[in-house]
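In case you want the letters, here they are:
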Amino acid sequence: MKQKGWRIASTTIVLILVAAFLVPVVWTIETSLKTRVDAWSMPPKWTFVPSIANYVRALFQHHFLTYLRHSAIIAAGSTILAVAFGGLAAYAFERFRFRGKQVLFFGFLFVYMLPEMSIALPTYLIGVKLGLLDTYPLLIIMHASFTTAFSTWMLRGFVAEVPEHVEESAMVDGCTRITAFFRIVLPLMAPGMVATAIFCLIFSWNDLPYALVLSSLHTETLPVAIGQLKTPAGTAWGEIMAVTVVAFLPTVIVAFLAQRWLVRGLTFGATR
């Protein structure tokens, strides 16, 4: 009887949490498909004729396809750098012994915990001096510098799950340390790298402080550009919701397509 009551209570809590998460998402999608009159109607309309006019105006009249391209280039570039350098750093921290290793590792974590705006403002001045302001390389490097610390911390655990004697056996058979890393360790920690890459991609895709300070006409990203839809003449809620749907759709698609790798990565070593 107690077990049945506990099952009902836990199911109820889960349903409440799912509803709390889904209601804003459903509301956003519904508003993106409403006309301006329906979006402002009180009480809210739950039955209406769907329209894609908000998507057409946002993507083509307000040129949000361009901002979408900017976000994609910056997020993809920074994710590749973060996972590549984070994987190498994680391997070095886990496999090698050197003086000050723990201090340096916690230094990585300290950089990750710093407020982005405290780094963005000095970077703005450096970017002006070097002529790199409002360019892809500067934004990609800054996003990667932020997410590399996270990927190093996360991937170190995956490297630790790969038995060291497997590498030693490969090196006995003639592999160098680098060859053993690329042929043995890297394939074994691939699920963890995919999971880390998804998190880094989401962090970079949703980033606002760096893009707000360091980007302008040529590299403006979606989180910054959404603010253009709020004007003194009024707020275009339908178009804002349409852009919001377009913004979170790519990350949802990537996570869905890579869910097998994501689950394997997050549970890697749990049943060892």
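Please read these numbers as outputs of a predicted model, since none were measured by experiment.

Enquirer: Is there a simple way to explain the packing of aromatic side chains in this structure?
Expert: Aromatic rings considered in pairs are described by the distance between their centres and by the relative angle of their planes. This structure, assessed with the given rule, holds eleven aromatic pairs. Following the ring pairs from residue to residue traces out a cluster consisting of Tyr 91, Phe 96, Phe 181 and Phe 182. Residue placement shows Lys 34 over the ring face of Trp 27; its charged tip is 5.6 Å from the ring centre. Here the basic side chain of Arg 156 rests over the ring of Phe 105, its NZ or CZ set 4.5 Å away from the ring centre.

Enquirer: Before we go on, may I ask you to explain a nonpolar patch on the surface in this structure?
Expert: Taken together, Leu 81, Phe 85, Leu 88, Ile 141, Ile 178 and Phe 182 make up a surface patch of nonpolar side chains, about 590 Å² in accessible area. Going through the elements one at a time, α4 (64-95) and α9 (177-188) are the ones with two or more residues in the nonpolar patch. Along the chain, the position of Ile 141 falls in helix α7 (residues 136-160).

Enquirer: Help me out: how do you make sense of the side chain of Glu 30 in this one?
Expert: Residue placement: Glu 30 occurs in helix α1 (residues 2-32). Although Glu 30 lies buried, it forms no salt bridge, and the closest oppositely charged side chain, Lys 34, sits 4.5 Å away as judged by the N-O distance. For Glu 30, the contacting residues outside a window of four places in its chain are Trp 46 and Phe 48.

Enquirer: Could you clarify how one ought to interpret α9 in this entry?
Expert: Helical geometry note: an α-helix holds 3.6 residues per turn, so side chains three or four residues apart project in the same direction. Spanning twelve residues, α9 covers 16 Å between terminal C-alpha atoms, matching the ideal 16 Å at 1.5 Å per step. The inward-facing, buried residues of α9 abut α4 and α8 (164-172).

Enquirer: Would you mind going over helix α3 (residues 53-61) with me for this structure?
Expert: Residues of α3 that are buried include every one of Asn 54, Tyr 55, Ala 58 and Leu 59, and no others. Burial along α3 is one-sided: seen end-on, the buried residues are contained in an arc of 105°. For α3, exposure combined with an orientation more than 90 degrees from the buried face picks out Phe 60 and Gln 61. Taken from the residues just after α3, His 63 is the one with a positive phi, measuring 60°.

The rules behind each value
- Residues numbered from 1 in each chain as written.
- Predicted model: local features only at pLDDT ≥ 70, side-chain atom pairs only at ≥ 80, totals over all residues.
- Heavy atoms only, no water.
- Phe/Tyr/Trp six-rings, centres within 6.5 Å; stacked < 30°, edge-to-face > 60°.
- Lys NZ or Arg CZ within 6 Å of the ring centre and 35° of its normal.
- Patch = residues over 30% accessible without salt bridge, like charges linked within 9 Å, V, L, I, M, F, W, Y side chains within 5 Å.
- Areas by Shrake-Rupley, 256 points an atom, 1.4 Å probe, with all protein chains shown as cover.
- Salt bridge = Lys/Arg side-chain N within 4 Å of Asp/Glu carboxyl O.
- Helix = DSSP H or I, 4+ residues; strand = E, 2+ residues; numbered from the N terminus.
- Buried < 20%, exposed > 50% of the residue type's maximum accessible area, 1.4 Å probe, protein only.
- Lys, Arg positive; Asp, Glu negative; His and termini not counted.
- Contact = heavy atoms within 4.5 Å.
- Expected span 1.5 Å × (residues − 1).
- Arc of directions from axis to C-beta.

These results come straight from atomic positions and should not be treated as a statement about function.
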